[in-house]
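Listed here are the chains, written in short residue letters.
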Amino acid sequence: MRPYILAETNWKALKEEKIELAVLPWGATEAHNYHLPYGTDVYEADAIGAAAGKIAWEAGAKVMILPTIPFGVNTGQADIYLDMNLNPSTQLAILKDLVAVLHRQGIPKLLILNSHGGNDFKTILREIGLLFPDMFFSTCNWFQAMDKPKYFEHMGDHADEMETSLIMHLHGHLVLPLEEAGDGKEKKSKVKAIREGWAWAERKWSMVSEDTGIGNPKASSAEKGERFLKDASKKIAELMIELTEMDINDRYE
(Lines give C-alpha, C1' and ligand atoms only; values in the text may rest on other atoms or scores of the structure.)
Protein backbone atom coordinates (compact mmCIF):
# COMPACT_ATOMS: atom_id res chain seq x y z
CA MET A 1 0.00 0.00 0.00
CA ARG A 2 1.40 3.37 -1.06
CA PRO A 3 0.14 5.93 1.47
CA TYR A 4 0.16 8.78 -1.07
CA ILE A 5 -2.09 6.95 -3.58
CA LEU A 6 -5.74 7.46 -2.60
CA ALA A 7 -6.94 4.35 -4.44
CA GLU A 8 -4.55 2.17 -2.41
CA THR A 9 -4.53 3.73 1.05
CA ASN A 10 -7.21 3.19 3.68
CA TRP A 11 -9.27 4.91 6.34
CA LYS A 12 -6.96 3.71 9.14
CA ALA A 13 -3.99 5.43 7.51
CA LEU A 14 -5.88 8.61 6.63
CA LYS A 15 -8.00 9.02 9.76
CA GLU A 16 -5.45 11.27 11.50
CA GLU A 17 -3.63 12.49 8.38
CA LYS A 18 -3.51 16.11 7.25
CA ILE A 19 -3.14 16.41 3.49
CA GLU A 20 -1.93 19.74 2.16
CA LEU A 21 -2.07 19.10 -1.60
CA ALA A 22 -4.41 16.94 -3.66
CA VAL A 23 -3.09 15.97 -7.11
CA LEU A 24 -5.62 15.09 -9.80
CA PRO A 25 -4.11 13.38 -12.86
CA TRP A 26 -6.28 13.96 -15.92
CA GLY A 27 -5.82 11.99 -19.12
CA ALA A 28 -7.81 11.00 -22.21
CA THR A 29 -8.89 7.88 -24.08
CA GLU A 30 -8.03 8.18 -27.74
CA ALA A 31 -6.19 6.57 -30.65
CA HIS A 32 -2.40 6.90 -30.57
CA ASN A 33 -1.17 6.03 -34.05
CA TYR A 34 -1.44 2.35 -34.98
CA HIS A 35 0.92 1.00 -32.33
CA LEU A 36 -0.01 2.53 -28.96
CA PRO A 37 -3.06 1.81 -26.76
CA TYR A 38 -6.03 4.13 -26.42
CA GLY A 39 -5.18 4.49 -22.74
CA THR A 40 -1.71 5.95 -23.36
CA ASP A 41 -2.45 9.30 -21.68
CA VAL A 42 -3.97 7.52 -18.68
CA TYR A 43 -1.04 5.14 -18.26
CA GLU A 44 1.35 8.09 -18.42
CA ALA A 45 -0.63 10.11 -15.89
CA ASP A 46 -0.79 7.15 -13.51
CA ALA A 47 2.94 6.52 -13.73
CA ILE A 48 4.16 10.10 -13.44
CA GLY A 49 1.68 10.95 -10.70
CA ALA A 50 2.73 7.92 -8.66
CA ALA A 51 6.47 8.37 -9.22
CA ALA A 52 6.41 12.09 -8.41
CA GLY A 53 4.10 11.48 -5.46
CA LYS A 54 6.54 8.94 -4.03
CA ILE A 55 9.44 11.38 -4.20
CA ALA A 56 7.38 14.18 -2.65
CA TRP A 57 5.93 11.99 0.12
CA GLU A 58 9.35 10.62 1.08
CA ALA A 59 10.58 14.22 1.28
CA GLY A 60 7.87 14.92 3.86
CA ALA A 61 5.32 16.60 1.60
CA LYS A 62 1.72 15.81 2.50
CA VAL A 63 0.40 15.04 -0.97
CA MET A 64 -2.37 12.73 -2.10
CA ILE A 65 -2.59 11.43 -5.68
CA LEU A 66 -6.23 11.04 -6.66
CA PRO A 67 -7.40 8.47 -9.23
CA THR A 68 -6.76 9.55 -12.81
CA ILE A 69 -9.74 10.83 -14.78
CA PRO A 70 -9.54 8.79 -18.01
CA PHE A 71 -11.52 11.01 -20.41
CA GLY A 72 -10.51 14.38 -21.84
CA VAL A 73 -11.47 16.99 -24.41
CA ASN A 74 -11.43 15.36 -27.85
CA THR A 75 -13.75 17.66 -29.76
CA GLY A 76 -11.35 17.75 -32.71
CA GLN A 77 -11.39 13.96 -32.97
CA ALA A 78 -15.12 13.37 -33.19
CA ASP A 79 -14.76 11.19 -36.28
CA ILE A 80 -11.90 9.03 -34.91
CA TYR A 81 -13.47 5.73 -33.87
CA LEU A 82 -14.06 5.48 -30.08
CA ASP A 83 -12.08 8.58 -29.17
CA MET A 84 -14.00 9.51 -26.04
CA ASN A 85 -14.86 13.16 -25.36
CA LEU A 86 -15.66 15.31 -22.34
CA ASN A 87 -16.66 18.87 -23.14
CA PRO A 88 -14.90 21.60 -21.13
CA SER A 89 -18.22 22.41 -19.46
CA THR A 90 -18.37 18.81 -18.24
CA GLN A 91 -14.85 19.07 -16.89
CA LEU A 92 -15.93 22.19 -15.01
CA ALA A 93 -18.87 20.33 -13.48
CA ILE A 94 -16.65 17.42 -12.41
CA LEU A 95 -14.11 19.76 -10.86
CA LYS A 96 -16.78 21.69 -8.95
CA ASP A 97 -17.94 18.50 -7.28
CA LEU A 98 -14.43 17.25 -6.47
CA VAL A 99 -13.22 20.61 -5.20
CA ALA A 100 -16.30 20.87 -2.98
CA VAL A 101 -15.15 17.67 -1.27
CA LEU A 102 -11.61 18.96 -0.79
CA HIS A 103 -12.87 22.29 0.53
CA ARG A 104 -15.30 20.65 2.94
CA GLN A 105 -12.55 18.48 4.35
CA GLY A 106 -9.96 21.21 4.70
CA ILE A 107 -7.53 20.29 1.93
CA PRO A 108 -6.43 23.73 0.73
CA LYS A 109 -4.56 23.08 -2.53
CA LEU A 110 -5.19 21.25 -5.79
CA LEU A 111 -2.80 20.50 -8.64
CA ILE A 112 -4.20 19.12 -11.89
CA LEU A 113 -1.55 16.92 -13.48
CA ASN A 114 -2.57 17.16 -17.11
CA SER A 115 -1.65 14.33 -19.46
CA HIS A 116 -3.51 15.34 -22.63
CA GLY A 117 -2.89 18.22 -25.02
CA GLY A 118 -6.59 18.77 -25.67
CA ASN A 119 -7.24 19.58 -22.01
CA ASP A 120 -6.81 23.20 -20.96
CA PHE A 121 -7.75 23.96 -17.37
CA LYS A 122 -6.71 27.60 -17.08
CA THR A 123 -10.10 29.18 -17.71
CA ILE A 124 -11.86 26.45 -15.72
CA LEU A 125 -9.66 27.08 -12.69
CA ARG A 126 -10.31 30.82 -12.97
CA GLU A 127 -14.01 30.08 -12.49
CA ILE A 128 -13.40 27.51 -9.74
CA GLY A 129 -11.18 30.02 -7.98
CA LEU A 130 -14.05 32.49 -7.65
CA LEU A 131 -16.21 29.81 -6.06
CA PHE A 132 -13.53 28.73 -3.57
CA PRO A 133 -11.42 31.85 -2.92
CA ASP A 134 -9.69 30.41 0.15
CA MET A 135 -8.15 27.56 -1.84
CA PHE A 136 -5.20 27.45 -4.24
CA PHE A 137 -5.50 25.91 -7.71
CA SER A 138 -2.79 25.09 -10.21
CA THR A 139 -2.27 22.96 -13.27
CA CYS A 140 0.75 21.62 -15.13
CA ASN A 141 1.42 19.70 -18.32
CA TRP A 142 3.99 17.04 -17.44
CA PHE A 143 4.85 16.61 -21.13
CA GLN A 144 6.16 20.18 -21.24
CA ALA A 145 8.27 19.91 -18.09
CA MET A 146 11.48 18.73 -19.75
CA ASP A 147 13.66 19.77 -22.68
CA LYS A 148 12.58 16.97 -25.02
CA PRO A 149 15.47 17.25 -27.53
CA LYS A 150 17.82 16.16 -24.74
CA TYR A 151 16.01 12.83 -24.63
CA PHE A 152 14.58 12.19 -28.09
CA GLU A 153 15.60 12.53 -31.73
CA HIS A 154 12.22 13.32 -33.29
CA MET A 155 9.73 15.84 -31.95
CA GLY A 156 5.95 15.56 -32.00
CA ASP A 157 3.01 15.88 -29.67
CA HIS A 158 0.95 12.71 -30.04
CA ALA A 159 2.10 9.07 -30.15
CA ASP A 160 5.54 10.45 -30.93
CA GLU A 161 8.95 9.18 -29.88
CA MET A 162 8.45 10.43 -26.31
CA GLU A 163 5.09 8.78 -25.74
CA THR A 164 6.09 5.60 -27.52
CA SER A 165 9.25 5.32 -25.42
CA LEU A 166 7.29 5.86 -22.21
CA ILE A 167 4.73 3.18 -23.00
CA MET A 168 7.46 0.80 -24.18
CA HIS A 169 9.00 1.22 -20.72
CA LEU A 170 5.76 1.12 -18.73
CA HIS A 171 3.63 -1.38 -20.66
CA GLY A 172 5.73 -2.84 -23.43
CA HIS A 173 3.29 -5.69 -23.97
CA LEU A 174 0.74 -3.15 -25.23
CA VAL A 175 3.00 -1.68 -27.94
CA LEU A 176 2.96 -3.13 -31.44
CA PRO A 177 6.28 -3.55 -33.27
CA LEU A 178 7.50 -0.17 -34.49
CA GLU A 179 7.45 -1.31 -38.11
CA GLU A 180 3.65 -1.40 -37.77
CA ALA A 181 3.50 2.23 -36.61
CA GLY A 182 2.68 5.08 -38.98
CA ASP A 183 5.27 7.79 -39.46
CA GLY A 184 3.18 10.39 -37.63
CA LYS A 185 3.46 12.99 -40.37
CA GLU A 186 1.51 16.18 -39.67
CA LYS A 187 -0.14 18.39 -42.25
CA LYS A 188 0.28 22.06 -41.37
CA SER A 189 -2.39 24.73 -41.52
CA LYS A 190 -2.63 26.83 -44.68
CA VAL A 191 -3.11 29.88 -42.45
CA LYS A 192 0.26 31.54 -41.83
CA ALA A 193 -0.57 32.93 -38.39
CA ILE A 194 -1.66 29.51 -37.17
CA ARG A 195 1.53 27.93 -38.50
CA GLU A 196 3.57 30.59 -36.70
CA GLY A 197 1.76 29.87 -33.44
CA TRP A 198 0.30 33.28 -32.60
CA ALA A 199 -3.16 32.40 -33.86
CA TRP A 200 -5.00 29.22 -32.98
CA ALA A 201 -7.67 26.95 -34.38
CA GLU A 202 -8.52 23.46 -33.27
CA ARG A 203 -6.94 20.75 -35.39
CA LYS A 204 -9.34 18.49 -37.27
CA TRP A 205 -7.46 15.32 -36.47
CA SER A 206 -8.48 13.21 -39.46
CA MET A 207 -7.26 16.02 -41.73
CA VAL A 208 -3.86 16.56 -40.13
CA SER A 209 -2.76 12.93 -39.66
CA GLU A 210 -3.40 9.76 -41.60
CA ASP A 211 -2.45 7.46 -38.70
CA THR A 212 -3.64 9.70 -35.79
CA GLY A 213 -0.04 10.27 -34.72
CA ILE A 214 1.90 13.54 -34.71
CA GLY A 215 5.60 12.81 -34.62
CA ASN A 216 7.80 9.99 -35.90
CA PRO A 217 8.01 7.16 -33.30
CA LYS A 218 10.54 4.99 -35.14
CA ALA A 219 13.55 5.81 -32.91
CA SER A 220 11.70 5.04 -29.68
CA SER A 221 13.09 2.75 -26.99
CA ALA A 222 12.16 1.63 -23.49
CA GLU A 223 15.51 2.93 -22.25
CA LYS A 224 14.69 6.46 -23.45
CA GLY A 225 11.29 6.22 -21.80
CA GLU A 226 12.77 5.10 -18.48
CA ARG A 227 15.25 7.98 -18.42
CA PHE A 228 12.62 10.57 -19.31
CA LEU A 229 10.14 9.22 -16.74
CA LYS A 230 12.74 9.36 -14.00
CA ASP A 231 13.76 12.95 -14.72
CA ALA A 232 10.24 14.25 -15.38
CA SER A 233 8.97 12.68 -12.16
CA LYS A 234 11.71 14.40 -10.17
CA LYS A 235 10.75 17.76 -11.64
CA ILE A 236 7.02 17.27 -11.02
CA ALA A 237 7.85 16.17 -7.47
CA GLU A 238 9.73 19.44 -6.94
CA LEU A 239 6.57 21.29 -7.93
CA MET A 240 4.48 19.23 -5.51
CA ILE A 241 6.91 19.89 -2.68
CA GLU A 242 6.96 23.63 -3.37
CA LEU A 243 3.16 23.75 -3.43
CA THR A 244 2.85 21.97 -0.09
CA GLU A 245 5.34 24.37 1.49
CA MET A 246 3.78 27.52 0.01
CA ASP A 247 1.74 29.83 2.22
CA ILE A 248 -1.43 30.64 0.28
CA ASN A 249 -1.57 34.08 1.87
CA ASP A 250 2.08 34.86 1.16
CA ARG A 251 2.82 33.39 -2.24
CA TYR A 252 4.65 36.16 -4.11
CA GLU A 253 8.11 37.66 -3.73
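The preceding data block contains the structure.
No experiment lies behind these values; they were computed from the predicted model shown.

Summed over the entire model, instances satisfying the criterion amount to 12 salt bridges. When the shortest N-O distance is used, the salt bridge between Arg 2 and Glu 8 registers 2.5 Å. Accessibility expressed as a relative area gives 34% for Arg 2, which makes it partly exposed. Of the residues examined, Glu 8 reaches a relative accessible area of 33% and is grouped as partly exposed.

The side chains of a regular strand alternate, first on one face of the sheet and then on the other. Burial within strand β3 (residues 109-114) is extensive, with six of its six residues counted as buried. The alternating pattern of β3 places Lys 109, Leu 111 and Leu 113 and Leu 110, Ile 112 and Asn 114 on opposite faces, both of which are buried. Pairing of strand β1 (residues 21-26) with β3, which is carried by six bridges, proceeds in the parallel orientation. Its bridge partner being in β3, Val 23 is matched across the sheet by Leu 111.

Moving on: the packing of helix α3 (residues 88-104) against helix α4 (residues 122-131). Where α3 contacts α4, the two axes come as close as 10 Å, and the packing angle between them is 35 degrees. For the element pair α3 and α4, the recorded crossing hand is right-handed. Across the interface between the two elements, Pro 88, Gln 91, Leu 92, Leu 95, Lys 96 and Val 99 from α3 touch Ile 124, Leu 125, Glu 127, Ile 128 and Leu 131 from α4. Residues belonging to the contact of α3 with α4 are distributed by class as follows: eight nonpolar, one polar and two charged.

All right, on to helix α2 (residues 40-58) then. Compared with the 27 Å implied by 1.5 Å per residue over 19 residues, the 27 Å span of α2 between its first and last C-alpha is a close match. Gly 60 sits one or two positions beyond α2 and adopts a positive phi of about 100 degrees.

The phi dihedral of Leu 82 is positive, around 65 degrees, even though this residue is not glycine. Relative to the elements of secondary structure, Leu 82 occurs in the loop between β2 (63-65) and α3. We classify Leu 82 as exposed; its relative accessible area is 52%. Despite not being glycine, Ala 159 has its phi angle at roughly 55 degrees, a positive value. Residue placement: Ala 159 occurs in the loop between β4 (136-141) and α5 (161-171). Overall, Ala 159 belongs to the buried group, its relative accessible area being 0%.

Their axes nearest at 8 Å, the elements α2 and helix α8 (residues 222-245) cross at an angle of 55 degrees. As summarised for this structure, α2 and α8 are arranged oblique, according to the angle between their axes. Like other packed secondary-structure pairs, α2 and α8 cross with a definite hand, here right-handed. Contacts between α2 and α8 involve Ala 47, Ile 48, Gly 49, Ala 51, Ala 52, Gly 53, Ile 55 and Ala 56 on the former and, on the latter, Leu 229, Ser 233, Lys 234, Ile 236, Ala 237, Met 240 and Ile 241. Of the residues contributing to the contact of α2 with α8, the split by class is 11 nonpolar, three polar and one charged.

Turning our eyes to something else, we now look at the environment of Arg 203. Within the secondary structure, Arg 203 sits in the loop between α6 (192-196) and α7 (205-208). Spatially, the C-alpha atoms of Arg 203 and Asn 249 are 40 Å apart, while their sequence positions differ by 46 residues. A distance of 3.2 Å separates polar atoms of two side chains, one belonging to Arg 203 and the other to Glu 186.

What counts and how
Residues numbered from 1 in each chain as written. Predicted model: local features only at pLDDT ≥ 70, side-chain atom pairs only at ≥ 80, totals over all residues. Heavy atoms only, no water. Salt bridge = Lys/Arg side-chain N within 4 Å of Asp/Glu carboxyl O. Buried < 20%, exposed > 50% of the residue type's maximum accessible area, 1.4 Å probe, protein only. Helix = DSSP H or I, 4+ residues; strand = E, 2+ residues; numbered from the N terminus. Pairing = 2+ DSSP bridges. Axes fitted to C-alpha atoms, helices over the stretch in contact; angles between N-to-C directions. Left-handed = near helix turned anticlockwise from the far one by under 90°. Contact = heavy atoms within 4.5 Å. Nonpolar A, V, L, I, M, F, W, Y, C, P; charged D, E, K, R; others polar. Expected span 1.5 Å × (residues − 1). Parallel < 35°, antiparallel > 145°, perpendicular 65-115°, else oblique. Polar contact = N/O pair within 3.5 Å; in protein donor to acceptor, adjacent residues only side chain to side chain.

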